[in-house]
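Examining the three-dimensional arrangement
If you want the building blocks of each chain, they are given just below.
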Amino acid sequence: MKDSLVLLGRVQAHPDSRCWFLAWNPAGTLLASCGGDRRIRIWGTEGDSWVCKSVLSEGHQRTVRKVAWSPCGNYLASASFDATTCIWKKNQDDFECVTTLEGHENEVKSVAWAPSGNLLATCSRDKSVWVWEVDEEDEYECVSVLNSHTQDVKHVVWHPSQELLASASYDDTVKLYREEEDDWVCFATLEGHESTVWSLAFDPTGQRLASCSDDRTVRIWRQYLPGNEQGVACSGSDPSWKCICTLSGFHSRTIYDVAWCQLTGALATACGDDAIRVFEEDPSSDPQQPTFSLTAHLHQAHSQDVNCVAWNPKEPGLLASCSDDGEVAFWKYQRPEGP
Amino acid sequence: MADSQDMFDAIVMADERFHGEGYQEGYEEGSSLGMIEGRQYGTLHGAKIGSEIGCYQGFALVWKCLLRSCASEKDSRKMKVLESLIGMIQKFPYDDPTYNKLHEDLDKIRGKFKQATFPGMDHSDGKLTDQLSKDGTSSRELTFLQVIPVVQL
């Protein structure tokens, strides 16, 4: 496990405040970071180092909690504790706030673009998940307000290929939504975590979902369609989701983020014990009961809680992380040669 | 012989007997007071829900009327949402307090109302919060949605 995660560089992204989240653009050339200083910074490479290309200020009145790039890479959405979501349009190195989405009653905790680029989801401490539709004229319309969770909703993420939305909450559950007859409905609730679920990540195929929690475990869930060979019961024509793996005993504090590399399938976690860990699925394990091994464990990756880990979508092994200490770090991960 | 035993019995067991009688009396009194309090609470809470839904229904009916004359695509989508809201309100079982999906349906109505009023909604809400996680989650949070829809005639 030695040297499987190597530091490439660090930047002080959000001085005197927390860096909450990171997002790579679809081309993998830019990294957006956001934080407690209410700003969003766009980072790019110049030679061997990472430099700040743009600073997006004047967008929010409070902490920016999450940022998300649109699938085309021309727009950036930012979710803030000021209860609004800003949509920024990219014009070379400049970003202009073109729309502000209002409606949530309090802190917006997450925002995510659907792979089609036509839908956006936001979630908030007001316990609701909102689905928005965007048309060709960049007009946003709220198409659904989902009140399924009973507590603060921490994260939303879209399935990589289907119009399926997943949300994670302080109520210890993960909920899944899809559109049925013109309206969005919650069709499944994944229970099992014993505390707040902080983040979610789909695997490259979208067949599995990873969730991480305050209960210090990562759970892997799998979708079973009706009539599946494994004999997993489904109600009617709805698929069933089952927890097929629990990674416990690896993290000593809350796990704030989990990221599933779309290129290599490696799973990275961001933990409140200041460490970054990487797991890989054992190639010989049963797909219905997979086992994951810890392939990298970097203590003191940051000097405080690690809030986010993000795999570069084009360069395998390139990982970015950010922390309460306001720093963003870049890492090179290499799968260790096994015995 | 048996008599004197009974007499001592009565004295010895007096404490326990009075305990029992006292408990019985207290329990009955408590039950009836609880019933009264429960009824008062139920009436109040039920009225709040009724008032809230009534507000949504009034809002939806007025806007349905106002939009009837408009024909744009956006307005027809808004009509659909309003009609869906009115439908949900009509289906709500007002005379069955034991309906097991009561709160679920109420939340759906609230969500649909939010969708129907956005944007241009004026609202205020009151809540009790306590910060329990580093990004400000409140645990025993009570949120009352008091809506004052702005209707321009």
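- For chain A, the name recorded in an unreviewed UniProt entry is Probable cytosolic iron-sulfur protein assembly protein CIAO1, with Fukomys damarensis as its organism.
- Of the comments in the UniProt record for chain A, the one headed Sequence similarities (unreviewed entry) reads "Belongs to the WD repeat CIA1 family."

1. Describing the overall build of chain B
- In terms of regular secondary structure, chain B is built from four helices and two strands.
- Listing each helix as α and each strand as β along chain B from the N terminus yields α-α-α-α-β-β.
- Of the contacts formed within chain B by residues at least 6 apart in sequence, a portion of 48% connects residues at least 24 apart.
- Looking at chain B as shown, the accessible area adds up to about 10900 Å², and 58% of this sits on carbon and sulfur atoms.

2. Comments concerning the pattern of salt bridges
All names here are of chain A.
- Per the counting criterion, the structure on display carries 22 salt bridges over all chains.
- A salt bridge links D37 to R41; its shortest N-O distance comes to 3.0 Å.
- Among the ionic pairs, E281 bridges to R208, the shortest N-O distance being 2.9 Å. A residue pair is termed long-range when its members are at least 10 positions apart, and E281 in strand β24 (residues 276-281) and R208 in strand β19 (residues 208-213) qualify at 73 residues.
- With relative accessibility at 11%, the residue R208 sits in the buried group.
- Here the salt bridges do not stand alone but share partners, grouping R62, E107 and R125 into one network.

3. A look at the sheet that holds strand β27 (residues 318-323) of chain A
All names here are of chain A.
- With respect to topology, four strands assemble into an open sheet ordered β1-β28-β27-β26, the strand pairing being antiparallel. Two strands close off the open sheet at either side, each with one partner strand: β1 (5-12) and β26 (306-311). Across the sheet, the mean angle from the axis of one strand to that of its neighbour is 20°, orientation sign disregarded.
- As paired elements, β27 and strand β28 (residues 327-333) share five bridges and run antiparallel to each other. Its bridge partner being in β28, L318 is matched across the sheet by K332.

4. Examining the confidence of the model for chain B
Residue and element names in this part refer to chain B.
- Confidence along chain B averages 77 in pLDDT terms, with 75% of residues attaining 70 or more.
- Low pLDDT (under 50) marks residues 120-131, which in the prediction has 33 contacts with non-local residues, meaning those over four places away or in another chain.
- Taken as a whole, residues 138-153 scores under 50 in pLDDT and shows 48 contacts with residues more than four places along the chain or in a different chain.
- Model confidence for the complex is summarised by a pTM of 0.83, with the ipTM given as 0.71.

5. Section: the nonpolar core
All names here are of chain A.
- L22, I40, I42, V67, L76 and V328 are the most contacted members of the largest nonpolar core, which totals 31 residues.
- A total of six residues in this core trace back to one element, the largest contributor, which is strand β2 (residues 19-24).
- What V67 contacts, discounting residues up to four positions off in sequence, is F21, A23, A32, C34, I40, L76, A77 and S78.

6. Topic: the sheet that holds strand β22 (residues 255-260) of chain A
Residues and elements named next belong to chain A.
- In spatial order, the strands read β22-β23-β24-β25; together these four strands make up an open sheet with antiparallel pairing. Every interior strand has two partners, whereas the edge strands, β22 and β25 (292-298), have only one. Neighbouring strand axes in the sheet, compared pairwise and without regard to direction, differ in orientation by 20° on average.

7. Focus on helix α2 (residues 14-67) of chain B
- Look at α2 of chain B: 78 Å from first C-alpha to last across 54 residues, which is about the 80 Å you get at 1.5 Å a residue.
- Regarding α2 of chain B, the residues found buried are A14, I49, E52, I53, Y56, F59, A60 and L67 of chain B.

8. As for the environment of S4 of chain A
Residues and elements named next belong to chain A.
- When you line up the elements, S4 lands in the segment before β1.
- As for S4 and S285, which are separated by 281 residues in sequence, their C-alpha atoms are 22 Å apart.
- In terms of polar contacts, S4 uses its side chain to reach the backbone carbonyl oxygen of T295, at 3.0 Å.

9. Examining the packing of aromatic side chains
- Counted according to the given criterion, the structure contains 18 aromatic pairs over all chains.
- Seen in terms of ring centroids, Y75 of chain A and W113 of chain A are 6.4 Å apart; in terms of plane orientation they differ by 40°. Their pairing is tilted. In this pair, Y75 of chain A is assigned in strand β7 (residues 75-80) and W113 of chain A in strand β10 (residues 108-113), connecting sequence segments 38 residues apart. Across the pair, W113 of chain A and Y75 of chain A agree in class, each one buried.
- Plain terms: the ring middles of W260 of chain A and F292 of chain A are 6.3 Å apart, the flat faces sit at 70° to each other, and that makes the pair edge-to-face. Within this pair, whereas W260 of chain A is found in strand β22, its partner F292 of chain A is found in strand β25, the two being separated by 32 residues in sequence. Across the pair, exposure class does not vary: W260 of chain A and F292 of chain A are buried alike.
- Put simply, the rings of Y56, F59, W63 and F113 of chain B pair up and form one aromatic cluster.
- The ring centre of F21 of chain A lies 5.4 Å from the NZ or CZ of K66 of chain A, which sits over that ring.
- Over the face of the ring belonging to F18 of chain B we find R17 of chain B, whose NZ or CZ atom lies 5.3 Å from the ring centre.

10. Things to note about a negative patch on the surface
All names here are of chain B.
- On the surface, a cluster of negative charge is made up of E21, E25, E28 and E29.
- Locating E28 in the fold gives a position in helix α2.
- Of the residues examined, E28 reaches a relative accessible area of 51% and is grouped as exposed.

11. Topic: unusual backbone geometry
All names here are of chain A.
- Phi angles above zero are rare outside glycine, and Q92 is one such case at about 60°.
- Looking at the secondary structure, you find Q92 in the loop between β8 (85-91) and β9 (94-101).
- Backbone geometry at D172 places phi at a positive 75°, although glycine is not the residue there.
- Residue position: D172 is located in the loop between β15 (164-169) and β16 (174-180).

Parameters and conventions
- Residues numbered from 1 in each chain as written.
- Chains lettered and ligands numbered in written order.
- Predicted model: local features only at pLDDT ≥ 70, side-chain atom pairs only at ≥ 80, totals over all residues.
- Heavy atoms only, no water.
- UniProt positions renumbered as here; feature names shortened; annotations may be inferred.
- Helix = DSSP H or I, 4+ residues; strand = E, 2+ residues; numbered from the N terminus.
- Contact = heavy atoms within 4.5 Å.
- Areas by Shrake-Rupley, 256 points an atom, 1.4 Å probe, with all protein chains shown as cover.
- Salt bridge = Lys/Arg side-chain N within 4 Å of Asp/Glu carboxyl O.
- Buried < 20%, exposed > 50% of the residue type's maximum accessible area, 1.4 Å probe, protein only.
- Pairing = 2+ DSSP bridges.
- Axes fitted to C-alpha atoms, helices over the stretch in contact; angles between N-to-C directions.
- pLDDT = per-residue confidence, 0-100.
- Core = buried A, V, L, I, M, F, W, Y, C linked by side-chain atoms within 4.5 Å.
- Expected span 1.5 Å × (residues − 1).
- Polar contact = N/O pair within 3.5 Å; in protein donor to acceptor, adjacent residues only side chain to side chain.
- Phe/Tyr/Trp six-rings, centres within 6.5 Å; stacked < 30°, edge-to-face > 60°.
- Lys NZ or Arg CZ within 6 Å of the ring centre and 35° of its normal.
- Patch = residues over 30% accessible without salt bridge, like charges linked within 9 Å, V, L, I, M, F, W, Y side chains within 5 Å.
- Lys, Arg positive; Asp, Glu negative; His and termini not counted.
- Charge placed at Lys NZ, Arg CZ, Asp CG, Glu CD.

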